[in-house]
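What follows is each chain in one-letter form.
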Amino acid sequence: MSKFYICDTMKELKESHIKILKHFSNGLTHNLILWIISKESIHGYGIMKRLDEFFDFSNENCELKATSSKVYPILRKMEDKGLIRGEWQIVNNKRVKFYSITEDGEIVLNHIKSNMKRVLENPSWLDYLEDMTGREISREN
């Protein structure tokens, strides 16, 4: 069994807690991938580089990180569900798959955006975000 540690600490996580953190990380990664693809037609490596901007943590034991073993299966699942479309192109004499969002993907992304807006308008969510981040969240509309 490999050891996992809470980010920025050396306290070891229990096996049962690791699953909770992985679910959080995977859900966040799914949403980010869909959002990234909505902005431009992009290949898998490009998505990985964009995710690195979000998951740029110095602690390698942190569960919030994007790896190719996590991202490519997500891309396949999203493509199978019709949220994104993959198209093979030749770039520098190599076949590269570029992803773009579908109409169904736009519907899902708009639903996520609507939920995020409601989160930021709800005082209970703002209290939660402040407590979880240790930062004051603006309560202006």
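To keep things clear, this report deals only with the structure shown in the data block. On a predicted model such as this, the values are computed, not experimentally measured, just so you know. (Residues numbered from 1 in each chain as written. Predicted model: local features only at pLDDT ≥ 70, side-chain atom pairs only at ≥ 80, totals over all residues. Heavy atoms only, no water.)

A count of helical and extended segments in the protein chain gives five helices and three strands. Its helices and strands in sequence order give the protein chain the pattern α-β-α-α-β-β-α-α, from N to C terminus. Within the protein chain, the fraction of its 141 residues that count as buried is 28%. A separation of at least 24 residues holds for 41% of the contacts in the protein chain among residues at least 6 apart in sequence. Total accessible area on the protein chain stands at roughly 10200 Å², and carbon and sulfur atoms take up 53% of it. (Helix = DSSP H or I, 4+ residues; strand = E, 2+ residues; numbered from the N terminus. Buried < 20%, exposed > 50% of the residue type's maximum accessible area, 1.4 Å probe, protein only. Contact = heavy atoms within 4.5 Å. Areas by Shrake-Rupley, 256 points an atom, 1.4 Å probe, with all protein chains shown as cover.)

Turning our attention to the packing of helix α4 (residues 103-121) against helix α5 (residues 123-133). Helix-helix packing: each pair is described by the crossing angle between the helix axes and the interaxial distance. Across the interface, α4 lies against α5 with an axial gap of 5 Å and an inter-helix angle of 85°. Regarding the angle of α4 to α5, the classification is roughly perpendicular. Of α5, the residues touching α4 (which contributes V119, L120 and E121) are P123, W125, L126 and L129. Across the contact of α4 with α5, the residue classes tally to six nonpolar, no polar and one charged. (Axes fitted to C-alpha atoms, helices over the stretch in contact; angles between N-to-C directions. Parallel < 35°, antiparallel > 145°, perpendicular 65-115°, else oblique. Nonpolar A, V, L, I, M, F, W, Y, C, P; charged D, E, K, R; others polar.)

Once that is clear, we can look at α5. Two or three places before S124, at the opening of α5, N122 has a side-chain oxygen 2.7 Å from that residue's backbone nitrogen. Following α5 by one or two positions, G134 adopts a phi angle in the positive range, close to 70°. (Polar contact = N/O pair within 3.5 Å; in protein donor to acceptor, adjacent residues only side chain to side chain.)

This brings us to the packing of helix α1 (residues 15-39) against helix α2 (residues 44-54). Taken N-terminus to C-terminus, the directions of α1 and α2 make an angle of 120°; their axes are 10 Å apart at the nearest point. Here α2 runs oblique to α1, going by the angle between their axes. The way α1 lies across α2 gives a crossing that is right-handed. Contacts between α1 and α2 involve T29, L32, I33, W35, I36 and I37 from the first element and I47, R50, L51 and F54 from the second. (Left-handed = near helix turned anticlockwise from the far one by under 90°.)

The next subject is the environment of K49. Position of K49 among the secondary structure elements: in helix α2. Judged by relative accessible area, which is 41%, K49 ranks as partly exposed. For the pair formed by K49 and A66, sequence separation is 17 residues and the distance between their alpha carbons is 9.4 Å.

Moving on to the nonpolar core. In terms of nonpolar packing, the biggest core is built from 20 residues, with I33, I37, I47, L51, V71 and L75 touching the most fellow members. Among the secondary structure elements, those contributing two or more residues to this core are α1, α2, α3 (68-80) and β3 (94-101). The dominant element in this core, judged by the number of residues it contributes, is α1, at five residues. Setting aside anything within four residues of it in sequence, one finds L75 in contact with I33, I37, G44, I47, I84 and Y99. (Core = buried A, V, L, I, M, F, W, Y, C linked by side-chain atoms within 4.5 Å.)

Every buried residue of α2 is listed here: G44, G46, I47, M48, R50 and L51. Next to the buried residues of α2 lie α1, β1 (42-43), α3 and β3.

This brings us to the sheet that holds strand β2 (residues 84-91). Read across the open sheet, the three strands follow the order β1-β3-β2; overall the sheet is antiparallel. The open sheet has two edge strands, β1 and β2, and neither has a second partner. Pairing of β2 with β3 involves eight bridges; the strand directions are antiparallel. Across the sheet, Q89 pairs through a bridge with V96, a residue of β3. (Pairing = 2+ DSSP bridges.)

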